[in-house]
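# Breakdown of the fold
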Amino acid sequence: MKRSALSRPGVAVVASALSLALATGCSGSGSDSGSGDKAKGGTGATATVKALSGAELKKLIVGKGDLDGYRFAAADQSERFASSKEEITVVDEKCAPLAYVLTGFAPGDSTAYVNTMATPVEAKPSASSTKSMEDMTDKELDEALNSITDTLGGTVTIVSLSSYEDDGAQKAMSSVSDAVKGCADGFKATSKSAKDGPQKFTKVEAEKASGGGEESVAFAVTGDADGDKVVVHAEAVRHGSTVATYYSLNLAAFLADGKPKEYGIPADLIKAQAAKLA
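Residues numbered from 1 in each chain as written. Predicted model: local features only at pLDDT ≥ 70, side-chain atom pairs only at ≥ 80, totals over all residues. Heavy atoms only, no water.

Excluding glycine, residues mostly have negative phi values, and the peptide bonds linking residues are mostly trans. With a phi close to 50 degrees, Asp-166 is a non-glycine residue in the positive phi region. Here Asp-166 is to be found in the loop between strand S4 (156–163) and helix H5 (168–182). (Helix = DSSP H or I, 4+ residues; strand = E, 2+ residues; numbered from the N terminus.)

Structure below.
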């Protein structure tokens, strides 16, 4: 097993980034606050659209029985980045929708939302440890990281569904699209629950979206882990008054020595979720 190429400060950022993906519950629902401007493009939502409830969204989110090869489960709450959107602070408010997508929350002013974590079946959960990273020796830290690299070799994806009244879904998509364009130079996000200070993202780039639903926006976010580049991928897709968001992280892609390997949001996961919303 190769030793991680990241330094201890870099490891802290990676671990925190991982917590963004693994710290969201699979059944949270309720009223959210977010940002959004006048919707651009797409068709579907009108002034008479009624939002779905949290209970209805739970029946629609992808899960066991919908797609082979994945484990769907609640994420570990112990290292949660934020327990609600209200705890998240973004230096540049227009970038807030991106931070919400990267933490499993609804990108806009949704009536309800739910989320789940999808992990390839070959990527088995790592053993829990009661020792914090700050208390580990360098050897213990290396062993822990190597264990994580082995067990989370696959791409972990947080799938979220949020529902909106009237044209709220279109506004949410517009806010994400505008943020991708307006936050190209990156942004900083923090929360009341964060233990490692603000998360710094140095670049936001538009990517080719899946093309599903009435509208879809995909982007990659680059983070700076003490000089090491960490890239995560996300996408938002509107299906009528419901917005599905996907946030994928492959820990092994940037913990291994050498050039980080390419990865993206699993297409079969997006397809399975779209089928449930059709």
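What follows deals with the pattern of salt bridges. Within this structure, the stated rule accounts for five salt bridges. Residue Asp-66 pairs with Lys-276 through a salt bridge whose shortest N-O separation is 3.1 Å. Placement of the pair is Asp-66 in the loop between helix H2 (54–60) and strand S1 (70–73) and Lys-276 in helix H7 (residues 267–277), with a sequence separation of 210 residues. For Asp-66, a relative accessible area of 31% puts it in the partly exposed group. One salt bridge connects Lys-203 with Glu-205, and the closest N-O pair in it is separated by 3.8 Å. (Salt bridge = Lys/Arg side-chain N within 4 Å of Asp/Glu carboxyl O. Buried < 20%, exposed > 50% of the residue type's maximum accessible area, 1.4 Å probe, protein only.)

Per the stated rule, a full pass over the model turns up one disulfide. One disulfide in the model links Cys-95 with Cys-183; its S-S distance is 2.0 Å. When the S-S torsion is -105 degrees, as for the bridge of Cys-95 with Cys-183, the disulfide is left-handed. Placement of the pair is Cys-95 in the loop between strand S2 (88–90) and helix H3 (96–101) and Cys-183 in the loop between H5 and strand S5 (187–191), with a sequence separation of 88 residues. Each member of the pair, Cys-95 together with Cys-183, is buried. (Disulfide = S-S within 2.5 Å.)

This brings us to the pairing of strand S3 (residues 112–120). With nine of nine residues buried, S3 lies mostly within the body of the structure. Across the two faces of S3 the burial is the same, with Ala-112, Val-114, Thr-116, Ala-118 and Pro-120 and Tyr-113, Asn-115, Met-117 and Thr-119 all buried. Two elements, S1 and S3, share four bridges in a ladder whose sense is antiparallel. Note on S3: the bridge partner recorded for Tyr-70 is Pro-120. (Pairing = 2+ DSSP bridges.)

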